[in-house]
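So the chains spell out like this:
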Amino acid sequence: MKDINVLVINCGSSSLKFQLINSKSEAVIAKGLCERIGIEGSQMTYAPAGGEKTETVTPMKDHTEAIRLVLGALTDKENGVVNSLDEIGAVGHRLVHGGENFASSTLITDEVLKAIEECNDLAPLHNPANLIGISACKELMPNTPMAGVFDTAFHQTMPEEAYLYGLPYHYYEDYKVRRYGFHGTSHSYVSARAADIVGKKYEDLKIIVCHLGNGASVSAVKNGKCVDTSMGLTPLEGLIMGTRSGDIDPAIIEFLCNKENKSVQEIMSVLNKKSGVFGLSGDFSSDFRDLEKAYRAGEAFAQRTMKAFAYRVAKYIGAYTAAMNGVDVICFTAGIGENSPFIRTMVCSYLGYLGIELDEEANVKRGEEVEITTPGSGTKVLVVPTNEELAIARETVALL
Ligand code: ADP
């Protein structure tokens, strides 16, 4: 096993999350976050392992400036964790959309950059920000190898019948309109981990992963390959999410444009930012901690919202059980999946036909790997905390 430090970078349009991970021990040496890049009040949070977390409010006019500050913090004489940039052996970038060009992670070359740019159309908010992160690192660490790990890559094994929409076929040929799916790094990490936990070969299992965070998606992983997933051309499809609607009748868009006298763009913004559990709860909250409290207090808005959320997850589990002609293991992961026994119970209450028997004591646990079904349960249900940064660091090292 190589012994290098990998800087994992996740660039959003105005934010940048980072972790420095040692490839041998797989320990996080330092991590942090730059927020409000290019906006007034930019700030960096930096936390070295075992050290004190610091917050620095300082202008960051762009992502290059943000990465310069991150590298400065990592090599700082007092609070730094490495002596010089030479001790950072590689950079792994989280990239959102690789389209059909990337079925796996890749080392970043000029050609690769061009191919990522070609996918900008498919993820106009995310991909350009990811590319800015890459060019900023290139400028500051020109000799350090970099890898790109795509959110879409794991799903590229889906068969045609799963990724095609019922649209005129030439839209696929002309514009590549199809299902891509996202959260691939998480679905891949969690499903592989699930096989380890149950002590069976990844290639022999039918696994359903429910990644339930602010963004949420379900995937079906058969014999180690993704065969279906709930997000589509964009992350808007599928589950009811924090603020995204998930599946709706597409005719609703025209209907609402007419009723509300709004443009398609305005309604799309509602579907992405004002819908999901936030919208369904009457703009109460997109956070499940708040919703759970309100549910327990008997609030009708919270009850309808959480029931609709859990029902949609259960419906996808049913669909993917059919797609794989069975299921051996169901996994819950991400913010809600890892931390909400309440939602896990609600979802599993629909799964009696799979012989699922929850172990109430195990199910109260939060944020740790645990089997939450009884030994006699017909199907195993696991909680597997996701670790996208570690998965990106591993992929990066494997490519070197
Ligand atoms: P993302 O990475 O998509 O922003 P996360 O995976 O971090 O999302 O999940 C964030 C969500 O997890 C929060 O919106 C919140 O609803 C949920 N969450 C976090 N902690 C808890 C908890 N203790 N109980 C219930 N839900 C929680």
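Residues numbered from 1 in each chain as written. Predicted model: local features only at pLDDT ≥ 70, side-chain atom pairs only at ≥ 80, totals over all residues. Heavy atoms only, no water.

(A) Spatial organisation of the nonpolar core. Residues Ile208, Cys210, Leu212, Phe309, Ile317, Ile330 and Ile343 are the most contacted members of the largest nonpolar core, which totals 47 residues. At the level of elements, strand 9 (206-212), strand 10 (216-222), helix 10 (288-296), helix 11 (300-324), strand 12 (329-333), helix 13 (341-348) and strand 14 (380-383) are the ones that each hand at least two residues to this core. Per element, the largest residue contribution to this core is 10 residues, and it comes from helix 11. Counting residues in each nonpolar core, the second largest holds 38 residues, with Cys34, Ala66, Leu74 and Ala136 among its members. (Core = buried A, V, L, I, M, F, W, Y, C linked by side-chain atoms within 4.5 Å. Buried < 20%, exposed > 50% of the residue type's maximum accessible area, 1.4 Å probe, protein only. Helix = DSSP H or I, 4+ residues; strand = E, 2+ residues; numbered from the N terminus.)

(B) Looking closely at unusual backbone geometry. Of note in this structure, Lys176 is not a glycine but carries a positive phi near 60°. Tracing the backbone shows Lys176 in the loop between helix 5 (169-175) and helix 6 (184-198). Lys176 gets classed as partly exposed once you look at its relative accessible area, which sits at 34%. Phi is positive for Asn223, close to 50°, though the residue is something other than glycine.

(C) Up close: the sheet that holds strand 9. The sheet built from 6 strands is open, its strands ordered 11-10-9-12-14-13 with mixed pairing. The sheet terminates laterally at strand 11 (225-229) and strand 13 (370-371), the two strands that pair on one side only. Direction of pairing for strand 12 relative to strand 14: parallel, over a ladder of 4 bridges. Counted as the bridge partner of Phe332 is Val383 from strand 14. (Pairing = 2+ DSSP bridges.)

(D) Region of the structure containing helix 15 (residues 388-399). A rise of 1.5 Å per residue sets the reference length of helix 15, with its 12 residues, at 16 Å; its end C-alpha atoms lie 17 Å apart and thus fit the reference within 8%. Among the residues of helix 15, those classed as buried are Glu388, Leu390, Ala391, Ile392, Ala393, Thr396 and Val397. For helix 15, the secondary structure elements touched by its buried residues are strand 1 (5-11), strand 2 (16-22), strand 6 (90-95), strand 8 (146-150), helix 6 and strand 9. (Expected span 1.5 Å × (residues − 1). Contact = heavy atoms within 4.5 Å.)

(E) Representation of the packing of aromatic side chains in the model. The full count for this structure, using the stated rule, is 9 aromatic pairs. Residues Tyr171 and Tyr175 carry aromatic rings whose centres are separated by 6.2 Å and whose planes lie at 25° to one another, so their mutual orientation is stacked. One end of the pair, Tyr171, and the other, Tyr175, are both in helix 5, 4 residues apart, so they sit about a helical turn from each other. A relative accessible area of 34% means that Tyr171 is categorised as partly exposed. Counting every residue linked through ring pairs, the aromatic cluster contains Tyr163, Tyr169 and Tyr172. We note Arg178 situated over the ring of Tyr163; from NZ or CZ to the ring centre the distance is 3.7 Å. Stacked on the ring of Tyr180, the Lys or Arg Arg178 has its end atom at 4.8 Å from the ring centre. (Phe/Tyr/Trp six-rings, centres within 6.5 Å; stacked < 30°, edge-to-face > 60°. Lys NZ or Arg CZ within 6 Å of the ring centre and 35° of its normal.)

(F) How the structure looks around the sheet that holds strand 7 (residues 106-107). One open sheet holds the 8 strands; their spatial order is 5-4-3-2-1-6-8-7, and the pairing between them is mixed. Each edge of the sheet is formed by a strand with only one pairing partner; in this case those strands are strand 5 (54-57) and strand 7. Relative to strand 6, strand 1 is paired through 4 bridges, and the arrangement is parallel. If you follow Leu7 over to strand 6, its bridge partner there is Val91.

(G) How the structure looks around the packing of helix 7 (residues 251-260) against helix 8 (residues 264-273). Remark: helix 7 packs on helix 8, axes separated minimally by 9 Å, with the N-to-C direction vectors making an angle of 115°. In this structure, helix 7 meets helix 8 at a crossing whose hand is right-handed. Here helix 7 contributes Ile253, Leu256 and Cys257 to the contact with helix 8, which in turn contributes Val264, Ile267, Met268 and Leu271. Each residue belonging to the contact of helix 7 with helix 8 can be placed in one class, and the counts come to 7 nonpolar, no polar and no charged. (Axes fitted to C-alpha atoms, helices over the stretch in contact; angles between N-to-C directions. Left-handed = near helix turned anticlockwise from the far one by under 90°. Nonpolar A, V, L, I, M, F, W, Y, C, P; charged D, E, K, R; others polar.)

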